[in-house]
Amino acid sequence: MTPSAPVPLPVRTPPLAEPSGWHRVALTVNGERITAEVESRLLLSDFLRDRLGLTGTHVGCEHGVCGACTVLLDDEPARTCLTLAVQCDGVAIRTVESLAPDDAPLTPVQRAFHECHGMQCGFCTPGFVMTATALTELPERPGTEDVADALSGHLCRCTGYRNIRRAVCQALDERFGE
Ligand code: FES
Ligand code: FES
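Residues numbered from 1 in each chain as written. Chains lettered and ligands numbered in written order. Predicted model: local features only at pLDDT ≥ 70, side-chain atom pairs only at ≥ 80, totals over all residues. Heavy atoms only, no water.

A.B. asks: So what's going on with the overall build of the protein chain? Residues and values would help.
C.D. replies: In terms of regular secondary structure, the protein chain is built from five helices and five strands. In sequence order, the protein chain lays out its α and β elements as β-β-α-β-β-β-α-α-α-α. Relative to the 2.2 N^0.38 estimate, which gives 16 Å for 178 residues, the radius of gyration of the protein chain is 21 Å and therefore markedly larger than a compact globule would have. Along the three orthogonal principal directions, the C-alpha set of the protein chain runs to about 90 × 40 × 30 Å. In the protein chain, 59% of the contacts between residues at least 6 apart in sequence involve partners at least 24 apart. (Helix = DSSP H or I, 4+ residues; strand = E, 2+ residues; numbered from the N terminus. Rg over C-alpha atoms; globule rule 2.2 N^0.38 Å. Contact = heavy atoms within 4.5 Å.)

Following this line, the structure appears as structure tokens:
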């Protein structure tokens, strides 16, 4: 009996969510309006750091766990390692460079981190500072649990968190009163 020809296994190619390509985005970064061509899969962290040279936004875990890459998107903290640049069309972005530019005095949050020794190596600091800044910009003082909840999305390998919490409380006291 003649052996039959082998049946080829089906090859499955997962469909792309959308075709890859380039897109024009118009956005505001630290108060400056910019337009740019961005590739579909370009992460916002890479856009900020590599295309715009804003290296104050740090990249740690690259998968949304450590919070080091946090910036403000339309005043809300967001992780740039989980955000695509193309998603930011029309968005106002603030990075840590927007705080106390040039010789401007430190913001209350920056000053509190300095005075409370809320940093050591500083790698996690831009993320903490941006989240804390968003907390100080709320219309009302956030409760203790809200603050703990916001900070729980940030990891620090150095400080033990106590001084970071003190710094955030000091900045909130200055903004809302004790
Ligand atoms: S680098 Fe984005 S959360 Fe860690
Ligand atoms: S100060 Fe070093 S990781 Fe937080």
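A.B. asks: With reference to specific residues and values, describe unusual backbone geometry.
C.D. replies: In the Ramachandran plot, N30 falls in the positive-phi region, its phi being about 50° despite a non-glycine side chain. Position of N30 among the secondary structure elements: in the loop between β1 (22-29) and β2 (32-39). Unlike most non-glycine residues, Y161 shows phi in positive territory, near 75°. Assignment of secondary structure puts Y161 in the loop between α4 (144-151) and α5 (162-176). A relative accessible area of 27% means that Y161 is categorised as partly exposed. (Buried < 20%, exposed > 50% of the residue type's maximum accessible area, 1.4 Å probe, protein only.)

A.B. asks: Describe the domain arrangement of the protein chain, naming the residues involved and giving the relevant values.
C.D. replies: Here the protein chain is partitioned into domain 1 (22-98) and domain 2 (108-176). For domain 1 and domain 2, the distance between their C-alpha centres works out to 21 Å. Facing 18 residues of domain 1, the contacting portion of domain 2 comprises twelve residues. At the boundary of domain 1 with domain 2, total buried surface from both sides reaches about 1200 Å², with 62% on carbon and sulfur atoms. Our enumeration of links across domain 1 and domain 2 arrives at five residue pairs in polar contact (both at pLDDT 80 or more). (Domains from an automatic or database assignment. Buried area = accessible area lost by both parts, 1.4 Å probe. Polar contact = N/O pair within 3.5 Å; in protein donor to acceptor, adjacent residues only side chain to side chain.)

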